[in-house]
Amino acid sequence: MNFGLSEEQEMIVETVRAFVETEIYPHENEVERSGIVPPELGDEIRRKCIDLGFYACNFPEEVGGAGLDHVTFTLVERELGRGSLGLTVFFGRPSGILMACEGEQRERYLLPAVRGEKIDALAITEPDAGSDMRGMKCAARRDGGDFVLNGTKHFISHADVADFVIVFAATGEEETPKGIKKKITAFLVDRGMPGFEILKGYDSVSHRGYRNSTLNFTDCRIPEAQVLGEVHRGFDIANQWLYGTRLTVAATCVGRARRVFDLALPYAAERKQFGKPIGANQGVSFKLADMITEIDAADWLTLAAAWQVDAGRPADRQIASAKLYASEMLARVTDEAIQIFGGMGLMDDLPLARFWRDARVERIWDGTSEIQRHIISRDLLRPLGA
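Where an unreviewed UniProt entry is consulted, the protein chain appears under the name Acyl-CoA dehydrogenase, with the organism given as Rhizobium ruizarguesonis. Heading Cofactor (unreviewed entry) of the UniProt record for the protein chain holds this comment: "FAD". Recorded under Sequence similarities (unreviewed entry), the UniProt text for the protein chain is reproduced unchanged: "Belongs to the acyl-CoA dehydrogenase family."

K.L.:
Before we move on, can you summarise the pairing of strand β2 (residues 139-143) with the specific residues and values?
P.N.:
As defined by bridge partners, β2 adjoins strand β3 (residues 146-157) across 5 bridges and the pair is classed as antiparallel. Looking across to β3, one finds that Arg142 is bridged to Phe147. The hairpin turn running from β2 into β3, its antiparallel successor, is 2 residues long, and Gly144 in that turn takes a positive phi close to 65°.

K.L.:
Account for the UniProt feature "domain: Acyl-CoA dehydrogenase/oxidase N-terminal" (unreviewed entry) in the protein chain, naming residues and giving values.
P.N.:
Those residues carrying the UniProt feature "domain: Acyl-CoA dehydrogenase/oxidase N-terminal" (unreviewed entry) are residues 6-117 in this numbering. Taken end to end, residues 6-117 is 62% helix and 0% strand, and its two terminal C-alpha atoms sit 32 Å from one another.

K.L.:
Give me helix α8 (residues 316-341): which residues, what numbers.
P.N.:
If you check α8, its first and last C-alpha atoms are 38 Å apart, about what 26 residues at 1.5 Å a residue would give, namely 38 Å. One or two residues past the end of α8 sits Gly342, with phi positive at roughly 70°.

K.L.:
Report on the packing of helix α7 (residues 282-310) against α8, specifying residues and quantitative values.
P.N.:
It is at 9 Å that the axes of α7 and α8 come closest, and there the two elements cross at 160°. When the axes of α7 and α8 are compared, the pair comes out roughly antiparallel. Crossing of α7 against α8: the hand is left-handed.

K.L.:
Can you explain helix α9 (residues 352-359)? Please cite residues and give values.
P.N.:
A turn of α-helix holds 3.6 residues, and therefore any two residues three or four places apart point the same way. Counting buried positions along α9 gives 7 out of 8 residues, so the element sits mostly inside the fold. Of all the positions in α9, only Leu352, Ala353, Arg354, Phe355, Arg357, Asp358 and Ala359 are classed as buried.

K.L.:
Account for the nonpolar core, with residues named and values stated.
P.N.:
Inside soluble globular proteins, nonpolar side chains tend to come together where they are buried. Counting residues in each nonpolar core, the largest one holds 47 residues, and the members touching the most others are Val76, Leu98, Ile166 and Phe168. It is helix α1 (residues 7-34) that contributes the most residues to this core, 6 residues altogether. Beyond its immediate chain neighbours, meaning those up to four positions away, Leu98 contacts Phe59, Leu110, Ala113, Asp120, Phe164, Ile166 and Leu188. Judged by nonpolar contacts, the second largest core, of 38 residues, contains Ala257, Val284, Ala322 and Ala359.

About the thresholds
- Residues numbered from 1 in each chain as written.
- Predicted model: local features only at pLDDT ≥ 70, side-chain atom pairs only at ≥ 80, totals over all residues.
- Heavy atoms only, no water.
- UniProt positions renumbered as here; feature names shortened; annotations may be inferred.
- Pairing = 2+ DSSP bridges.
- Helix = DSSP H or I, 4+ residues; strand = E, 2+ residues; numbered from the N terminus.
- Expected span 1.5 Å × (residues − 1).
- Axes fitted to C-alpha atoms, helices over the stretch in contact; angles between N-to-C directions.
- Parallel < 35°, antiparallel > 145°, perpendicular 65-115°, else oblique.
- Left-handed = near helix turned anticlockwise from the far one by under 90°.
- Buried < 20%, exposed > 50% of the residue type's maximum accessible area, 1.4 Å probe, protein only.
- Core = buried A, V, L, I, M, F, W, Y, C linked by side-chain atoms within 4.5 Å.
- Contact = heavy atoms within 4.5 Å.

Following this line, the structure appears as structure tokens:
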């Protein structure tokens, strides 16, 4: 077992961290205040990322990506987690699901996304279908050589800046051991297609500047050539995609927690009350001890899950454990950091209140904590016939 990073990985970590500190940190306060990332700023971040050679670093070299393994890409996501998500989204990591593109789809969607010429968004969640993906009501019926799509999606991240959306819709039903379930198909839908409307989503307390949208489809006609993967097999594609994004959530939570800790530690050493640093009191020093222990545990759990994937081993439970623990760890660490700072921890002069608010959504998206516990417990109990 080798817990050290290679020389290349160390260089990548240092490069991405420096990028976040110089290109992301200076704009965070304004984005937090306005809730908006100016288009020219997003374009500038994307261009600098491309120049740096990191755009679409999660894609293999044969399609123009950097071909990073899962451990190294997880390290990249960990460093990006230190910055505002509204800004780091432009550090381009297109949806890995685009590797399912075939034929002309590669030229229209996959390769432009990898080159940074087009931005994609993923549309799964609906008002009545979140964790229960098979319960979605957005449906596409076949009509000749096309599919006609009707329905609504919401909470769709960065659809407001996307050039095309990967939309999942019900296209039939099938009998399963648990009753009748809907068959799901994935479609590539271009912005501006007739019958496709992108509306402003909800104002969120978490990740200001990282916008969500509501998508409406009204008799939106989609050629069969824009089916991603196979008809009725979209559920399999979605699960494969979620496999990776949960690792990303875990990694970014670790990055945010480390930034918070990096603020709390020197403050505890420098801030004096009753004639001595507050860190000299066990009430504060023990908080720091618990915080760093939890951060390190989440870090190693996340990297170990990524290593499992690189080794070609089943990793559903390990990824679920990493996502569950890291997201809940971040909530505890940000809360304790604010307690160490006292009243100042809630002031806008510091980013702690932002991290505290941002932490809340991590236990919900990309699979709630309850879904992760379900995955973990089923993995443990199924072999025993329970």
